[in-house]
Amino acid sequence: MSTASVRGHPRRALFLAVLAAVLAYFPAAHAAAPVRIGVLAFLGAEVALSTWSPLVAHLEAALPERRFVLVYYDVAGLRQAVQQQALDFVITNGGQYAALESEFGVSRIATLDSPGVPSPSQAIGSAVIARADRRDLNALADLKGKRVAAVGEDAFGGFQVAWREFRRQGVEPENFARLDFVGFPMPRIVTAVARNQADAGIVRACLLEELARDGAIRLADFKVLSPRRVEGFACGLSSGLYPDWPIATLRHTDLRLAKAVATALLSMPASPTGHAWTVPADYRTVHDLFRDLQIGPYAYLRETTLQALARRYWPFLLLFFAALAGWVVHTVRVEQQVHARTAALRDALAQRDAAEAGMRAHQEQFDHLSRLSILGELSGTLAHELNQPLATIANYAQSLVRRLDSGRYTPENLAEASREIAAQAERAGGIVHRIRAFARKRAAVRERRPLADLVREAATLFDGMLPNAPHIGIADRLPPGAQVEADTLQIEQVLLNLLKNAADAMQDLPSDTRVIDVTLEREGRNYQIAVRDHGAGLAPASTQHLFEPFFTTKPDGMGLGLSICKTIVEAHGGRLWAEANAGAPGMTFIFTLPADDLIP
Amino acid sequence: MTSSLDQALIHIVDDDAALRRSLVFLLDSVGWRTQAHASAEEFLAAYQPGVPGCLVLDIRMPGMSGLELQQVLRAQGRTLPIIFITGHGDVALAVQAMKQEACDFLEKPFKDQVLLDAVTQAVRRSARQLAAERRHDQAHALLERLSPREREVALRVAHGLPNKLIARELDISEKTVHVHRQHVMEKTHTGSAAELARLMLRADPADLD
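Remember, it's a predicted structure, so these values are computed and weren't measured experimentally.

How each quantity is defined
- Residues numbered from 1 in each chain as written.
- Chains lettered and ligands numbered in written order.
- Predicted model: local features only at pLDDT ≥ 70, side-chain atom pairs only at ≥ 80, totals over all residues.
- Heavy atoms only, no water.
- Buried < 20%, exposed > 50% of the residue type's maximum accessible area, 1.4 Å probe, protein only.
- Helix = DSSP H or I, 4+ residues; strand = E, 2+ residues; numbered from the N terminus.
- Pairing = 2+ DSSP bridges.
- Axes fitted to C-alpha atoms, helices over the stretch in contact; angles between N-to-C directions.
- Contact = heavy atoms within 4.5 Å.
- Salt bridge = Lys/Arg side-chain N within 4 Å of Asp/Glu carboxyl O.
- Polar contact = N/O pair within 3.5 Å; in protein donor to acceptor, adjacent residues only side chain to side chain.
- Phe/Tyr/Trp six-rings, centres within 6.5 Å; stacked < 30°, edge-to-face > 60°.
- Lys NZ or Arg CZ within 6 Å of the ring centre and 35° of its normal.
- Right-handed = clockwise from strand over helix to strand, strands pointing away.
- pLDDT = per-residue confidence, 0-100.

A. Spotlight on the pairing of strand β8 (residues 200-204) of chain A. All names here are of chain A. Counting buried residues along β8, five of its five residues qualify, which places the element largely inside the surrounding structure. Side-chain alternation along β8 places A200, I202 and R204 on one buried face and G201 and V203 on a second face that is also buried. With five bridges joining them, strand β5 (residues 126-131) and β8 adopt antiparallel strand pairing. Bridge pairing in β8 links V128 to I202. Of the pairings in the sheet, the one linking strand β6 (residues 147-150) to β8 comprises two bridges and is parallel in character. Paired with A149 across the bridge in β8 is G201.

Written out as structure tokens, the structure reads:
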């Protein structure tokens with residue numbers, strides 16, 4: 001299938017020749033697009049150029065109105081170019097031609113006529129060679145279990161032609177101990193055989209003779225297996241002979257151009273090496289070969305019965321079954337491992353479940369604990385809160401006594417003082433009640449409450465928590481009467497926590513800038529409560545863990561506050577998250593509670 | 001209660017309206033004039049110095065805190081005595097307040113008598129301070145009337161130097177010293193070197209060093 005498989009020296013110096021007759025066939029009108037000739041060039045563009053450029057010169061001399069361009073391809077590239085109709089003519093070996101003929105309907109217009117062959121139809125053959133000293137190797141059948149070297153699977157003279165002979169003698173490539181495709185250049189195969197790297201090699205016929213003529217080898221060192229004698233064929237040969245390289249037109253090629261080119265080629269004189277173009281040969285023998293080998297256009301003929309497959313591919317089947325067995329063993333092992341790991345995983349899951357159950361069980365204690373700890377932190381506030389009404393009551397009561405003693409009183413005085421005393425006693429009682437309710441361990445109770453009231457109560461409770469507590473600004477953007485169904489104390493706990501965090505974040509700021517902004521608004525189906533501080537903010541790494549239990553950035557914190565807050569908010573069907581303030585330092589903690597009108 | 005304290009005004013600053021009212025009620029029961037303010041800012045806007053009195057101040061308030069108000073007043077040179085009241089006896093706060101010369105520091109709830117005594121004391125102190133300020137201002141005003149040369153002579157007279165020595169120190173004639181001395185006594189309404197010395201001491205104690 002290579003240029004090298006064409007008999008004779010690769011350099012085909014085709015002579016410039018007679019044009020006049022051709023000119024008569026080809027009018028000057030078609031001077032437009034260049035004529036593209038695709039050439040199979042296994043040995044590279046350079047070799048191909050020196051080989052085929054005289055042909056172009058001849059054609060351009062014969063058809064001066066047209067320009068001819070040679071385009072070089074490998075087998076696959078040439079096939080693709082033909083498929084895409086990127087060419088007007090194609091020059092390739094008999095093997096690929098037969099394939100392209102079947103597949104794309106290319107049509108030969110001339111065949112190369114090489115010297116030293118019986119006819120253009122009998123020009124290409126293979127020689128299977130071995131070292132002359134291998135007495136054990138005489139026929140192709142002797143190569144069973146031996147190492148064989150060839151150019152490539154799709155090489156025509158370099159493999160496929162010999163393959164057919166092997167098959168005729170009952171040998172398949174699978175019967176070789178090894179079949180090495182070594183690629184071009186072909187003399188590599190001769191070298192491999194000479195060095196005993198291969199027992200035998202497949203080369204195109206006449207290669208040995210050419211190498212010997214160039215002094216590269218001694219012909220006596222090698223022998224041709226199953227040698228044949230064909231009248232008029234001068235080289236050692238192991239196979240039948242097949243037609244030489246054709247030049248072919250594609251389906252779309254202009255018929256008059258094809259005729260003109262064909263005429264020019266046929267009228268082209270022989271080159272110094274004796275090459276010329278002659279009438280197209282019969283390529284049926286190539287088709288027969290492909291059909292025998294079930295390759296190329298006849299690949300569909302390949303046997304597909306199980307038995308045939310088994311016979312042909314038993315080494316692969318063996319390999320396959322070995323692989324299968326390996327796979328089964330592997331699968332069983334993996335299965336065992338999966339079992340073991342599943343068990344381990346199940347244990348781990350069970351442990352985690354147990355831990356989670358423990359967590360849940362402790363959740364209420366945590367909850368309670370957290371409330372108490374907030375209560376502790378709030379004790380300053382609570383003392384203040386209680387002291388206010390108590391001091392007020394004391395002031396009024398003592399004043400009354402004093403006034404009664406001094407006679408400095410009026411009924412209005414007395415009534416005012418008494419009313420104040422009663423109101424303040426009630427106020428003190430309310431505070432005590434709130435503390436007790438807050439600190440008491442209790443089951444969750446949901447009640448409908450106006451959200452704004454809830455927030456204001458928490459703010460009041462929080463206010464004064466620290467000496468010099470930050471000012472809390474509440475922006476109430478809720479629709480009128482906005483209610484939530486919530487456990488009031490739990491939500492207050494969340495709010496207290498967030499307010500406390502905000503206050504802690506602003507500890508180092510001057511008092512006039514220590515402001516907590518609480519914004520209440522409706523956000524879709526939820527009410528949203530945002531608590532914004534103006535502190536330094538948190539490192540992004542910290543914000544990721546904010547809501548994890550026992551995470552804290554405070555030296556004396558337990559790290560439970562936000563974790564519990566999140567649990568509480570989520571239990572209410574809301575969400576709690578933190579955002580860094582946009583364009584300003586500090587953080588905003590936001591939580592949502594479902595809007596009341598959406599609760600069935 | 002002495003008659004000089006009759007015009008005294010007791011300022012009450014507390015954000016808790018009920019407590020504010022109760023303090024007014026209490027102070028009124030013994031006849032104090034009172035003025036109640038809901039915040040430090042409100043007080044600062046309303047305050048008129050020059051009247052004896054005191055400030056009953058909640059230490060913990062939203063906005064400007066009690067301690068901050070105390071600092072503002074000190075910065076303005078106000079001598080109004082301050083009685084702090086607090087909900088929780090925070091030692092650190094008390095120490096800071098007293099360092100800033102608070103008059104008293106009461107923890108709520110307190111006995112009425114304790115507050116009333118503290119107020120009385122504070123008002124007396126305020127009255128004394130006001131009187132001293134007034135005397136100082138008067139003395140200062142009198143001495144302002146002297147010429148620089150008269151001032152030099154007055155200083156030496158107050159130190160008890162005879163005219164002869166003063167003339168030598170200032171390198172002027174004894175007769176001139178005598179004239180200056182007469183002018184000084186007239187302008188400052190003083191009759192003796194001792195009286196002049198007391199006046200100068202009231203105006204600026206450092207002058208006589």
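B. Summary view of the sheet that holds strand β7 (residues 178-181) of chain A. Residue and element names in this part refer to chain A. In space, the five strands of this open sheet follow the order β7-β6-β8-β5-β9, with mixed pairing throughout. Each edge of the open sheet is held by one strand with a lone partner, namely β7 and β9 (222-224). The average angle at which neighbouring strand axes cross in this sheet is 30°, direction not considered. Bridge count for β5 against β9 is three bridges, and the pairing is antiparallel.

C. Up close: the interface of chain B and chain A. Contacts between chain B and chain A engage 28 residues on the former and 28 residues on the latter. We note a salt bridge from D112 of chain B to R402 of chain A, for which the minimum N-O separation is 2.9 Å. Summed over the shared surface of chain B and chain A, the result is 15 residue pairs in polar contact (both at pLDDT 80 or more). Among the elements of the structure, α1 (17-29) and α5 (112-144) of chain B are those that each provide at least two residues to the side of chain B that touches chain A. Examining the composition of the side of chain B that touches chain A, we find that nine residues originate from one element, α1 of chain B, more than from any other.

D. Expanded view of the sheet that holds strand β2 (residues 68-73) of chain A. Residues and elements named next belong to chain A. As summarised here, the arrangement of the six strands in space is β2-β1-β3-β10-β4-β11, forming an open sheet in which the pairing is mixed. Two strands bound the open sheet, and with one partner strand each, they are β2 and β11 (276-278). On average, each strand axis in the sheet is tilted by 25° relative to the strand beside it, whichever way the strands run. Where strand β4 (residues 107-113) and β11 come together, three bridges link them in antiparallel fashion. Within β11, the residue paired with D113 across the bridge is A276. Together, β1 (35-40), β2, β3 (89-91), β4, β10 (246-249) and β11 form the strand contacts of helix α8 (residues 255-266), whose direction differs from that of β4 by roughly 10°.

E. The packing of aromatic side chains, seen in detail. In the structure shown here, the tally under the stated rule is eleven aromatic pairs over all chains. Here the aromatic rings of F166 of chain A and F176 of chain A are separated by 5.1 Å at their centres, their planes lie at 75°, and the arrangement is edge-to-face. With a gap of ten residues between them, F166 of chain A in helix α5 (residues 156-168) and F176 of chain A in the loop between α5 and β7 connect regions that are remote in the sequence. Accessibility expressed as a relative area gives 2% for F166 of chain A, which makes it buried. With a relative accessible area of 7%, F176 of chain A lands in the buried category. Feature note: the residues W52, W245 and W277 of chain A constitute an aromatic cluster, connected by ring pairs. Its guanidinium or amino end placed over the ring of F25 of chain B, R403 of chain A lies 4.2 Å from that ring's centre, counting from NZ or CZ. Between R575 of chain A and the ring centre of W577 of chain A, over which it is positioned, the NZ or CZ distance is 4.1 Å.

F. Structural view of the pairing of strand β4 (residues 82-86) of chain B. Residues and elements named next belong to chain B. Burial analysis of β4 places five of its five residues in the buried class, the great majority of the element. Covered by surrounding structure in β4 are I82, F84 and T86 together with I83 and I85, the residues of both alternating faces. Pairing between strand β3 (residues 53-58) and β4: four bridges, direction parallel. Bridge assignment links L57 to a residue of β4, and that residue is F84. Considered for its hand, the β-α-β crossover made up of β3, helix α3 (residues 66-75) and β4 is right-handed. Inspection of the sheet shows β4 paired to strand β5 (residues 104-107) by four bridges, in the parallel sense. Across the sheet, residue F84 finds its bridge partner in β5, namely F105.

G. Highlighting the confidence of the model for chain A. Mean pLDDT over chain A: 80, with 80% of residues reaching 70 or higher. Within the model, the stretch residues 1-31 of chain A combines pLDDT values under 50 with 108 contacts to residues more than four positions away or in other chains.

H. Spatial organisation of the pattern of salt bridges. All names here are of chain A. In this structure the tally under the stated criterion is 29 salt bridges over all chains. D133 is the salt-bridge partner of R131, the closest N and O atoms lying 2.9 Å from each other. The exposure class assigned to R131 is partly exposed, which follows from its relative accessible area of 25%. Classification of D133 by relative accessible area gives partly exposed; the value is 48%.

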